Amino acid sequence: MTAADLWKAFSRADLDPDALALGGLTRREAVVRVTELAERLRAEGVRPAETVGLQGPNQPEWVLGLLALTAAGACPLLLPADSPPAETRRLLRTAGARRTLVADPGEADRAVLRAEDAGAEEELVADGITAAEADSGAAVHAPGTVVLVSSGSTGTPKLVARSPRSVLDEGVRYHHAGLARPDDSVLLPLPLSHAYALGWLAGALVAGAHVDPVPPRAVGAVHSRLRERATVLVTVPGLARVLARRRALAEDAPFPALRRVMAGAGYVDAELDALWTRTIGVGVSRNYGSSETGSVLWGDPGLASGAVGRPMPGVRVDLLDPDGTPLPGQEAAQGELAVVLEDGSAHRLHDLADRDEHGVHRILGRARIGVVRRGARWVSTMEVESVLRAAPGVADVSVTATGPDDSDDQGLTVEYVPADAALAAPSRVQAYARAELAAYKVPDSFQPRYRLRRSAVGKAQAAPVYRLARAARPSSTVEQVLAAALTELGLPPHLADGGTAADLARTTGLRADVLSPVLDTAGALGLLVTDTASAGAPDAWAPSPDVVSAGRALAARVRGEAAGDPPTPPELPAGPPAPEKALRASVEGLLAEAAVDGALLEIGDGGAPPAADAEYGACVVLGGVHGPAAQLGPLAALLRPKGLLVVADAFVPDPLALTDDLSRTTVVRWLVDGHLHWWTTQELRAGLEAVGLRVEESRGAEQAPYAILVARKPS
């Protein structure tokens, strides 16, 4: 590849200017848009080698912004679209970036991209750092360097700089491997800021293929693109499972143009491969790499669980023994992965893998994190997670090691989200593990949780260390309720030094499962922070009696005490509004279209599923699905085969980023009332599937913050 960077690769003269290149734009139209934007960036003072943040939803405009920054010689800092403002400020500060390019498809003049300072200098000063100090602490990169934010498998996010040559080399690998071809239309429902998406984007641009980015959870958009033109679908295992279970996709399959489905950035098991082969007609390929190196291994469908295939073209992959010596390359072996890239640079990837006699690699997990020594044997936590994910009633699961890293007999702890408290009781999940796993792989502890922290591409994230925010005097009533609860629990002295929910629970004797969402919510409201730069002693304040009452009720739940009737003084904001007639009309319309076969049961807000012998053709749940106990199993049991479950309830888009007053009020009200389950539609979807239902539709409702999910019981 003779091009110098992604922009040169995209705009080279040998490519057809009138062919679709990016979303609905031809290459000619996209080149004009990028050229104009790059000129505007230069006119606004963007300098060569200046680090500039790039943030926005998964749309063609994001790619235009990346190419324009590259054309201007800037160093794009790829900011996750779902990062809350405080995290974005920290990343900008760490990278020394004082300017952000925001992708905004909603602009009426179709310029859709704007460069803006967004008060960066003022924000730095507010954090106690001058602009000069921010500049002096930032690394200096060559023009066109892409700066990535590493994802959650290693815990704390860090910045990784990839040179223009490194990004292009990865794109050439995809092209030479035949994964990205000139006649392809590559569908990218991935967070474009992620290293995995950047590699595929580079591969498509190098090959001269059409790139079609869509939002990660836009299942309908993925469906329509597969029907229209997509030849390659790039996804992650979690989304791949959702897509394969979508009835519309299965009914429309096979898709004549679709030739490859690639799942990376996660553990792919044989069950997922078989599911796609059975329902869509195309198996799941595998992809593996790191933020520093890009993709280095890939494999065709049909591999064993956890296997990711052979080295990509141009890359040498070694397995190292404990002393760091490469093991013979022609033999089956087990060791730490290391690669040598096209430029001769060597990288240890800190993952353990085994290689069979055919040269196929299987990832066991992170060295000292995802691979556990138990006696004379190694255990992959990813393998255990894959098995337990299929346990009845388990909606999500994470397996971690306990004990010293250098121990030869570490423990295993399972944290999981039950879809039904009885169906997925710890004893039942443990029994399932004993039936499905060798004795040395069975975990020691099984801990139910309300939710697990995951990144945008589904990787389990380390629990954050929370501290008191500097001068975070609670202003709104919901903030005061959370602050009063923390005070009632005696946490401020401990939070001054910082701690995770598990650490604080052990120190104070509180319930870690309830304390975790309380701390997350306090962080989303700005009362707590996860970095030391913004930590400090908050200003003193005097809560009202009503606020104290609500805070005590919440504190009682965290202690595991009976909270009694939830407080409802006029000053405490109410929860989400009751369902209106329009919402009921939407539900009735869905039922009419579905032609329900059998009796209809409606369960109102706060109602419990009846212990009835009859099986219903449809069940409608209006509100009240959020807890306090997970009870999706009884709902599924009410339905006859092919029966329909319609859930219309209030949801928040992200419990870790409460950006509007309604979401903030709703979440705090839920905490006080003890509603701790299914805060997002994605969480409820996983729970419904865990009790054997197939989610067919999920859509927003006109009445905010309600949404409607439709699930069917398989025959």
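Residues numbered from 1 in each chain as written. Predicted model: local features only at pLDDT ≥ 70, side-chain atom pairs only at ≥ 80, totals over all residues. Heavy atoms only, no water.

A. View of empty space enclosed by the protein. If you walk through the whole model with that rule in mind, you get 3 cavities of 30 Å³ or more. By volume, the second largest cavity amounts to about 40 Å³. Along the walls of the second largest cavity sit Asp5, Leu6, Thr70, Gly144, Val146, Pro164 and Val167, which together make up its complete lining. Class assignment for the residues of the lining of the second largest cavity results in 4 nonpolar, 2 polar and 1 charged. (1 Å grid on protein atoms, 1.4 Å probe; cavity = no way out; pocket = protein on both sides within 12 Å on 5 of 7 lines; lining within 4 Å. Points joined across faces, edges and corners; volume = space filled by probe spheres on them. Nonpolar A, V, L, I, M, F, W, Y, C, P; charged D, E, K, R; others polar.)

B. Spatial organisation of the sheet that holds strand β29 (residues 639–650). Pairing in this open sheet of 5 strands is mixed, and the strands run β27-β28-β29-β31-β30 from one edge to the other. One side of each edge strand has no neighbouring strand; the edge strands of this open sheet are β27 (600–603) and β30 (694–700). Taking the axes of each pair of neighbouring strands and ignoring which way they run, one obtains an average angle of 15 degrees across the sheet. Sheet contacts for helix α23 (residues 681–690): β29, β30 and β31 (706–712); angle to β31, the most-contacted strand, approximately 20 degrees. (Pairing = 2+ DSSP bridges. Helix = DSSP H or I, 4+ residues; strand = E, 2+ residues; numbered from the N terminus. Axes fitted to C-alpha atoms, helices over the stretch in contact; angles between N-to-C directions. Contact = heavy atoms within 4.5 Å.)

C. Region of interest: the packing of helix α15 (residues 477–488) against helix α22 (residues 661–673). Two elements in contact, α15 and α22, have axes whose closest approach is 9 Å; the angle formed by their N-to-C orientations is 35 degrees. The handedness of the crossing between α15 and α22 comes out as left-handed. Two secondary-structure elements touch here, α15 through Val478, Glu479, Val481 and Leu482 and α22 through Arg664, Thr665, Val668 and Val672. The residue inventory of the contact of α15 with α22, partitioned by class, reads 5 nonpolar, 1 polar and 2 charged. (Left-handed = near helix turned anticlockwise from the far one by under 90°.)

D. Looking closely at the side chain of arginine 27. Among the structural elements, arginine 27 can be located in helix α2 (residues 27–43). One buried charged side chain, arginine 27, makes no salt bridge at all; its nearest oppositely charged neighbour is aspartate 16, positioned 7.4 Å away. Within the structure, arginine 27 has its side chain in polar contact with the backbone oxygen of phenylalanine 10 (distance 2.9 Å). (Buried < 20%, exposed > 50% of the residue type's maximum accessible area, 1.4 Å probe, protein only. Lys, Arg positive; Asp, Glu negative; His and termini not counted. Salt bridge = Lys/Arg side-chain N within 4 Å of Asp/Glu carboxyl O. Polar contact = N/O pair within 3.5 Å; in protein donor to acceptor, adjacent residues only side chain to side chain.)

E. Geometry of the confidence of the model for the chain. For the chain, the average pLDDT comes to 85, and 87% of its residues sit at 70 or higher. Scored below 50 in pLDDT, residues 108–112 shows 9 contacts in the model against residues more than four places distant or in partner chains. Long-range and interchain partners of residues 114–137, a stretch whose pLDDT sits below 50, account for 40 contacts in this model, where long-range means more than four residues apart. (pLDDT = per-residue confidence, 0-100.)

F. Looking closely at the environment of alanine 81. Relative to the helices and strands, alanine 81 is located in the loop between β4 (75–78) and α4 (85–95). Taking the C-alpha atoms as reference points, alanine 81 and serine 193, separated by 112 residues in sequence, lie 7.7 Å from one another.

G. Representation of helix α9 (residues 219–228) in the model. All buried positions along α9 are accounted for by Val219, Val222, His223 and Leu226. All buried residues of α9 project into a common sector of 100 degrees when viewed along the axis, lining one side. (Arc of directions from axis to C-beta.)

H. Structural context of the pattern of salt bridges. Enumeration over the complete set of coordinates arrives at 32 salt bridges. Residue aspartate 212 pairs with arginine 225 through a salt bridge whose shortest N-O separation is 2.9 Å. Placement of the pair is aspartate 212 in strand β10 (residues 210–213) and arginine 225 in helix α9, with a sequence separation of 13 residues. Residue aspartate 212 is classed as buried on the basis of its relative accessible area, which comes to 3%. Across the salt bridge formed by arginine 241 and aspartate 269, the nearest N and O atoms sit 3.3 Å from each other. In this pair, arginine 241 is assigned in helix α10 (residues 237–244) and aspartate 269 in the loop between β12 (260–263) and α12 (270–279), connecting sequence segments 28 residues apart. Like aspartate 269, arginine 241 is buried. Through salt bridges with shared partners, a single ionic network connects Asp212, Arg225, Glu228 and Arg229.

I. Main features of the sheet that holds strand β24 (residues 445–448). Within the open sheet, the 3 strands sit side by side as β22-β23-β24. Their pairing is mixed. Looking at the sheet topology across the chains shown, the edges are occupied by β22 (394–402) and β24. Along the sheet, successive strands turn relative to each other by an average axial angle of 25 degrees, direction set aside. Examined bridge by bridge, strand β23 (residues 411–418) and β24 share 4 bridges and lie parallel to one another. Bridging across to β24, tyrosine 416 finds its partner in proline 448. In the packing of helix α13 (residues 381–388) onto the sheet, the strands contacted are β22, β23 and β24, and the crossing angle to β22 comes to about 155 degrees. Across the sheet, helix α14 (residues 426–436) lies against β22, β23 and β24, angled at about 135 degrees from β24, the strand it touches most.

J. Structural detail: the pairing of β23. The buried count for β23 comes to 7 of 8 residues, which makes it a mostly enclosed element. When β22 meets β23, the two strands line up antiparallel, connected through 8 bridges. Bridging from a neighbouring strand, threonine 402 pairs with glycine 411 of β23. The parallel pair β23 and β24, bridged by α14, forms a crossover whose chirality is right-handed. (Right-handed = clockwise from strand over helix to strand, strands pointing away.)

K. Main features of the environment of alanine 253. Position of alanine 253 among the secondary structure elements: in the loop between α11 (247–252) and β12. A C-alpha to C-alpha distance of 7.2 Å links alanine 253 and threonine 279, two positions 26 residues apart in sequence. Setting aside its immediate chain neighbours within four residues, alanine 253 contacts Thr279 and Ile280.

L. Inspection of the nonpolar core at higher detail. Leu6, Leu188, Trp200 and Trp276 are the most contacted members of the largest nonpolar core, which has 84 residues in total. The greatest single-element share of this core, amounting to 11 residues, is contributed by helix α8 (residues 195–207). Contact partners of leucine 188, with chain neighbours within four places excluded, come to Asn58, Trp200, Leu201, Val211, Asp212, Pro213, Val214 and Val234. Among the nonpolar cores identified, the runner-up in size contains 55 residues, and Tyr450, Leu468, Leu583 and Leu590 belong to it. (Core = buried A, V, L, I, M, F, W, Y, C linked by side-chain atoms within 4.5 Å.)

M. Here's a closer look at the packing of aromatic side chains. All chains considered together, the criterion is met by 2 aromatic pairs. A centroid spacing of 4.6 Å and a plane angle of 45 degrees characterise the contact between tyrosine 174 and tryptophan 200, whose relative ring orientation is tilted. Of this pair, tyrosine 174 sits in helix α7 (residues 164–176) while tryptophan 200 sits in helix α8, and the two are 26 residues apart along the sequence. On the accessibility criterion, tyrosine 174 (0% relative accessible area) is buried. Between tryptophan 670 and tryptophan 679, the aromatic rings sit 5.9 Å apart at their centres with planes inclined by 35 degrees, giving tilted as the arrangement. Taken as a pair, tryptophan 670 and tryptophan 679 share a single burial class, namely buried. Positioned above the aromatic ring of phenylalanine 10, the side-chain terminus of arginine 27 is 4.8 Å from the ring centre. Sitting above the plane of the tryptophan 679 ring, arginine 451 keeps its charged end 4.2 Å from the centroid. (Phe/Tyr/Trp six-rings, centres within 6.5 Å; stacked < 30°, edge-to-face > 60°. Lys NZ or Arg CZ within 6 Å of the ring centre and 35° of its normal.)

N. Fine view of α8. Given a rise of 1.5 Å per residue, 13 residues ought to cover 18 Å, and the 18 Å separating the end C-alpha atoms of α8 matches this to within 8%. Most of α8 is tucked away: 13 of the 13 residues are buried. Directly beyond the C-terminal end of α8, a positive phi value near 80 degrees is found at glycine 208. (Expected span 1.5 Å × (residues − 1).)

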